[in-house]
Amino acid sequence: MGFAMNAVNALAVLFVFVVGVAALLMLIVFVMDRLQTQDAIRRNYPVLGRFRHIFSTLGEFFRQYFFAMDREELPFNRAQREWIGRAGSGKSNTVAFGSTRNIAVPGTPIFVNAAYPPLDDQYSKTEPLLIGPTARIPYNAPSFFNISGMSYGALSRPAVTALSKGAKKAGVWMNTGEGGVSPFHLEGGCDLVFQIGTAKYGVRDEAGNLSEERLKEVASHETVKMFEIKLAQGAKPGKGGILPAAKVNAEIAKIRGIPKGQASISPNRHTDIANHNQLLDMVVKIREVTGKPVGIKTVAGSVASLKELFAAFAERPNDVPDFVTIDGGEGGTGAAPMPLIDLVGMSIREALPVAANLRDEHGFHDRIRLIASGKLVNPGDVAWALAAGADFVTSARGFMFSLGCIQALKCNKNTCPTGITTHDKRFQKGLVVKDKFERVARYATEIIHEVETIAHSVGVPEPREMRRRHVRITQDGGASLPMNEIIPSFVPPAK
């Protein structure tokens, strides 16, 4: 009996010891996760957050026994997100054993490698490109890849700060989004494109009309290089928005120029722009007041609507915008009705080549710069857009992934677990600016480097020299055709 009691006591002591050691280890891991600054999920969810990384890592090994999801998830698949993650962390982006991409899927772009590409010392970095030659202060844009519009308010303070600092380090511009320019946009010192949305946030008077004084005030910032009139964005063309009263604190009210504590409605279009002539009048006015290049952002609804737009430009060639941003119907946002996200607006893959042809057909190739936007987050996407006719490419969600976004789809709920799209301080503390801005810069730099690698492979010295003949598009049945045969580039008639 005594022996049995001693055994039980020994087991009890051993159990307590094991539990104690386990608890101590969990406490150590908890503290380590709280103190580290690289991973927002582990910082916000100590210990438990480690399981996401474990499962993601093990998934690589279990995929062969179950099914491959690398290329199947939407809106962005695992392969896309992992490339951005490796680029942002500075890790090698080489892969083993071959591509997981099914190149037989219709629409897949395939780049045409040159038989004798330039040697390693025979290609160059992309040169800066001038925007707004008629503006008093034109902008010599240094990079072909830049950050698309994301407002402070939609993004958190640390997210905007990290993007601004990262953009500065990488030498790319950052679009403010329609929420106005915040101190956090300015903090990093990067080049800024100020977006003017339908509510005129940041440049409005008390009645909501465009204010010349506010325009001059914004333009006085040396880092504000251009202005963009947003007619529509890909995820919600033709739809405005409501900023709830609860979100309009003193800081947001000051930045946007709206009353504190009152809900603010963004009209579904600019109330003072009802046709192409009024649009051009607005372009001229803003360019004259600010002295800086002015462009527009829109979503193509049809080829006919694009033709009407560029025909209107041709009638007033001295008043045309300095750039046109074409956003695809697949573009993203923090919140929008599903029918608009799913069903409205031409894809960037269809709209961009048409817009490029129309621009060139009307003689605006060197006057109007073309910017492509809409789910272009990896090097192949960006290289395709440049070959199709874009001068620049902008991305929003690619840079969100570089900040640590895990595609939790919580952007509209103020519960983003990575601290990017929330104003909850508990979640924001997971996003540590001094680490994340480096990831932003590395992502931009790696995109630029790998697009240059693609250009080198097809036989041209730098990306903007890629043409549609350098890309083949997979058709039904698996065969591919040159993009210049599917959508020929405009060729001016011989004189």
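Just so we're clear, the structure is a prediction, and the values are computed from it rather than from any experiment.

The rules behind the values
Residues numbered from 1 in each chain as written. Predicted model: local features only at pLDDT ≥ 70, side-chain atom pairs only at ≥ 80, totals over all residues. Heavy atoms only, no water. Helix = DSSP H or I, 4+ residues; strand = E, 2+ residues; numbered from the N terminus. Buried < 20%, exposed > 50% of the residue type's maximum accessible area, 1.4 Å probe, protein only. Contact = heavy atoms within 4.5 Å. Areas by Shrake-Rupley, 256 points an atom, 1.4 Å probe, with all protein chains shown as cover. Phe/Tyr/Trp six-rings, centres within 6.5 Å; stacked < 30°, edge-to-face > 60°. Pairing = 2+ DSSP bridges. Axes fitted to C-alpha atoms, helices over the stretch in contact; angles between N-to-C directions. Parallel < 35°, antiparallel > 145°, perpendicular 65-115°, else oblique. Left-handed = near helix turned anticlockwise from the far one by under 90°. Nonpolar A, V, L, I, M, F, W, Y, C, P; charged D, E, K, R; others polar. Salt bridge = Lys/Arg side-chain N within 4 Å of Asp/Glu carboxyl O. 1 Å grid on protein atoms, 1.4 Å probe; cavity = no way out; pocket = protein on both sides within 12 Å on 5 of 7 lines; lining within 4 Å. Points joined across faces, edges and corners; volume = space filled by probe spheres on them. Polar contact = N/O pair within 3.5 Å; in protein donor to acceptor, adjacent residues only side chain to side chain.

**Let's talk about the overall build of the chain**
Step number 1: Along the chain, the regular secondary structure elements total 17 helices and 15 strands.
Step number 2: When each of the 495 residues of the chain is scored for burial, the buried share is 48%.
Step number 3: Considering only contacts in the chain between residues 6 or more positions apart, those separated by 24 or more positions represent 69%.
Step number 4: Approximately 23800 Å² of the chain is accessible, and the part contributed by carbon and sulfur atoms is 59%.

**Notes on the packing of aromatic side chains**
The relation between two aromatic rings is expressed through the spacing of the ring centres and the mutual angle of the planes.
Step number 1: One pass over the structure, following the stated rule, counts eight aromatic pairs.
Step number 2: On the numbers, 5.7 Å between centres and 50° between planes, the contact of F194 with F227 is tilted. On the criterion of sequence distance, the pair formed by F194 in strand β6 (residues 192-196) and F227 in strand β7 (residues 224-230) is long-range, its members being 33 residues apart.
Step number 3: Judged by relative accessible area, which is 0%, F194 ranks as buried.
Step number 4: We classify F227 as buried; its relative accessible area is 0%.

**Describing the sheet that holds strand β1 (residues 109-111)**
Step number 1: Spatially, three strands are ordered β1-β14-β15 in an open sheet, and the strand pairing comes out antiparallel. Both outer strands of the open sheet, β1 and β15 (480-482), are each paired with one neighbouring strand and no more. Recorded for the sheet is a direction-independent mean angle of 35° between the axes of neighbouring strands.
Step number 2: With three bridges connecting them, strand β14 (residues 471-474) and β15 associate as antiparallel partners. Note on β15: the bridge partner recorded for T474 is S480.

**Some words on the packing of helix α4 (residues 78-89) against helix α16 (residues 433-458)**
Step number 1: Look at α4 against α16: their axes get within 7 Å of each other, and the N-to-C directions meet at 110°. What the angle tells us is that α4 and α16 run roughly perpendicular. When the axes of α4 and α16 are compared, the crossing they make is right-handed. Between α4 and α16, the residues in contact are W83, I84, G85, A87, G88 and S89 and E438, R439, R442, Y443, E446, I447 and E450, respectively.
Step number 2: Of the residues contributing to the contact of α4 with α16, the split by class is five nonpolar, three polar and five charged.

**Examining the pattern of salt bridges**
Step number 1: Counting across every chain of the model gives 14 salt bridges.
Step number 2: Notably, a salt bridge pairs E438 with K169, separated by 2.5 Å at the nearest N-O pair. Placement of the pair is E438 in helix α16 and K169 in helix α5 (residues 157-170), with a sequence separation of 269 residues.
Step number 3: R367 is paired through a salt bridge with D322; the nearest N and O atoms lie 2.8 Å apart. Of this pair, R367 sits in the loop between α12 (348-361) and β12 (369-373) while D322 is found in the loop between α10 (303-315) and β11 (323-327), placing the two residues 45 residues apart along the sequence. We note that R367, like D322, is buried.
Step number 4: One salt-bridge network, in which partners are shared between bridges, spans D281, R316 and D319.

**What about empty space enclosed by the protein?**
Step number 1: Scanning all chains against the criterion turns up one cavity of 30 Å³ or more.
Step number 2: A volume near 70 Å³ is recorded for the largest cavity.
Step number 3: Lining the largest cavity are S148, G149, W173, N175, V193, E228, K297, F323, T325, I371 and T394.

**Considering the side chain of T198**
Step number 1: The residue T198 is located in the loop between β6 and α7 (212-219) in this model.
Step number 2: Reaching out from T198, the side chain makes a polar contact with the backbone oxygen of P267 at a distance of 2.7 Å.
Step number 3: Among residues more than four places away in sequence, those in contact with T198 are E178, K230, S266, P267, N268, R269 and H270.

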